[in-house]
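Letter by letter, the chains look like this.
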Amino acid sequence: MKAPTRRALAKQQTRVKVLSAARRLFSEAGYEGATIRDIAAAAGMSTGAVFANFSDKSDLFREIMITDMGDLADAMREAASYGKGVEDTLLRMFAAGYNFYKTQLPLARAAFSVGWSPQDGPALRSAAPVQVLNALIIEQLTGAVERGELGPEDLALRASMLFEAYLSNYPQAIFEGWTVEALQDRSRDQIRILLAGARRR
Amino acid sequence: MTSARDLSSTDELGGAPAAPSSAPLADGPPGARQTQKEATRNRVIAAARNLFDTQGYEGTTIREIARQAGVSVGSVFTTFASKGEILSQVMQDRLDGLYAELDRVMPHLRGDTLDRLRTMFAIHFAFEARHTRLFLAHIAAAYDWTLSSSATPMGRNQRLQGIIGEILAKGVAAGDVDPAVDFQETVDLLMAAYAWVYRLAAWNNADAPTLTAVMDRQIGLIAEGFAPR
């Protein structure tokens, strides 16, 4: 591998600084409230320097979310490896997600706001790590079908409904202060409801 | 793009025109001021509905709403505290029509719980399908930082939840809903499915029959979970 040039290193450092400032401001002021100007100021650089690295605010936000969701997918995969049976495995995965975001709920809130927006929502929702999370759920259901635990009916629909159900509990954490345990209890019931029709034993 | 900072600064500006004039209301021509205020309010609502429906929640600014309504930013703020509150009012005006229709139809619905849930949501989609972006704006607004407590974004509106609850209660009485099922959880799952279908709609330009078909499958799957065993 070629050693990175000094310029490439400097550019990388700038990106890291911008991303960490942006993460803080999005958490404090929300997606709408954080401006590129504020982010540049917080990172101690010019607006131009920010734009040299990111095309716009949505690009910056997406980069943060994609990094996080990549880490989240790793955490979920690891949690799934301890699961026994499909319900337990899914629950462990979702609990890993709630644990992952419990200290950064304001950022999750900003992500939901962007995720529902007609302009930036589709790109965020179809980002590669989101596909990985979906695939991870499908993987668990497919495994359960192979073990004879579940029937194969509506597998893809069940998987996306499980993912939506997992996401739909975040507002309880964001606005009602639900603990990870409360989210987990809710999630357990949701998984049971959504798998009920496919249960074989 | 309007930042929260922009909004709060216009908010301060908006305070000025709101200052009450010295003439007491009772002495003026009856309701003249009220009528004027009502007209402004209606124009703001109409302009806002258009903008939210085309630009989404985030893409709509108070300034643009004022411009399209032909009123000053200040007079928008004499009636509404925030963008979120305007959207709540837009949705409430629209949904009043929908719920009036549902109040009329629901008592006459026959069939099992699954049928009645499907019909109830189909009525929603028939009503909302041409304004899916407006509905998405309604959902997105729930996460707005500047949201005031007087706004009622999606999910905090209790009417749909109440209607679903009644359908489930009837189902328990009729024996096709397991009495041990947690109503609130089932309601929340149905609401999550409902919101998700709107996302498909807005991003894929799906029409009402398509939305209804997707929702029907999801309701079917949730119904398997609340069936007595």
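Residues numbered from 1 in each chain as written. Chains lettered and ligands numbered in written order. Predicted model: local features only at pLDDT ≥ 70, side-chain atom pairs only at ≥ 80, totals over all residues. Heavy atoms only, no water.

Draft legend 1. Broad picture of the packing of helix α6 (residues 113-128) of chain B against helix α9 (residues 183-204) of chain B. All names here are of chain B. Remark: α6 packs on α9, axes separated minimally by 12 Å, with the N-to-C direction vectors making an angle of 35 degrees. Considering only the axes of α6 and α9, their crossing is right-handed. Contacts between α6 and α9 involve Leu117, Phe121, His124, Phe125 and Glu128 on the former and, on the latter, Leu190, Tyr194, Val197 and Tyr198. (Axes fitted to C-alpha atoms, helices over the stretch in contact; angles between N-to-C directions. Helix = DSSP H or I, 4+ residues; strand = E, 2+ residues; numbered from the N terminus. Left-handed = near helix turned anticlockwise from the far one by under 90°. Contact = heavy atoms within 4.5 Å.)

Draft legend 2. Quick look at the packing of helix α5 (residues 83-105) of chain B against helix α8 (residues 158-174) of chain B. Residue and element names in this part refer to chain B. Direction vectors running N to C along α5 and α8 enclose 15 degrees, while the axes themselves pass 11 Å from each other. The orientation of α5 with respect to α8, classified from their angle, is roughly parallel. Between α5 and α8 lies a crossing whose hand is left-handed. Here Asp96, Tyr99 and Leu102 of α5 come into contact with α8, specifically with Arg159, Leu160 and Ile163. Here the contact of α5 with α8 is composed, by residue class, of four nonpolar, no polar and two charged. (Parallel < 35°, antiparallel > 145°, perpendicular 65-115°, else oblique. Nonpolar A, V, L, I, M, F, W, Y, C, P; charged D, E, K, R; others polar.)

Draft legend 3. Fine view of the interface of chain A and chain B. Taken residue by residue, the interface counts 45 residues in chain A and 36 residues in chain B. Taking both sides of the interface into account, the surface hidden between chain A and chain B amounts to around 3600 Å²; carbon and sulfur atoms contribute 62%. Looking at the side of chain A facing chain B, the largest losses of area belong to A:Glu32, A:Trp116 and A:Ile193, adding up to 24% of the total buried there. The interface formed by chain A and chain B holds five salt bridges in total. Here A:Asp154 makes a salt bridge to B:Arg217, at a shortest N to O gap of 3.0 Å. Counting the contacts that link chain A with chain B gives six residue pairs in polar contact (both at pLDDT 80 or more). Listing elements by their share of the side of chain A that touches chain B, those giving two or more residues are α1 (6-33), α6 (105-115), α7 (121-125), α9 (155-168), α10 (170-176) and α11 (180-195) of chain A. At eight residues, α1(A) tops the list of elements feeding residues into the side of chain A that touches chain B. (Buried area = accessible area lost by both parts, 1.4 Å probe. Salt bridge = Lys/Arg side-chain N within 4 Å of Asp/Glu carboxyl O. Polar contact = N/O pair within 3.5 Å; in protein donor to acceptor, adjacent residues only side chain to side chain.)

Draft legend 4. Structural view of the pattern of salt bridges. Residues and elements named next belong to chain A. The tally for this structure, following the rule as stated, stands at 22 salt bridges over all chains. Arg188 is the partner of Asp185 in a salt bridge, and the nearest nitrogen-oxygen pair spans 3.0 Å. Residue Asp185 and its partner Arg188 are both found in helix α11; the two are separated by three residues, about one turn of the helix. What makes Arg188 partly exposed here is its relative accessible area of 33%. (Buried < 20%, exposed > 50% of the residue type's maximum accessible area, 1.4 Å probe, protein only.)

Draft legend 5. Structural view of the nonpolar core. Membership of the largest hydrophobic core comes to 139 residues, with the highest contact counts inside it found for A:Phe61, A:Leu90, A:Phe94, B:Ile86, B:Met120, B:Phe121 and B:Ile164. Broken down by element, the residue count for this core peaks at 12 residues, all from α9(B). For this core, the two domains that each supply at least three residues are domain 1 (1-54) and domain 2 (57-196) of chain A. Each residue touching A:Phe61, except ones within four places of it in the same chain, is listed here: A:Phe26, A:Tyr31, A:Leu107, A:Ala110, A:Ala111, A:Val114 and A:Leu124. (Core = buried A, V, L, I, M, F, W, Y, C linked by side-chain atoms within 4.5 Å. Domains from an automatic or database assignment.)

Taken by themselves, the reported measurements are silent on function.
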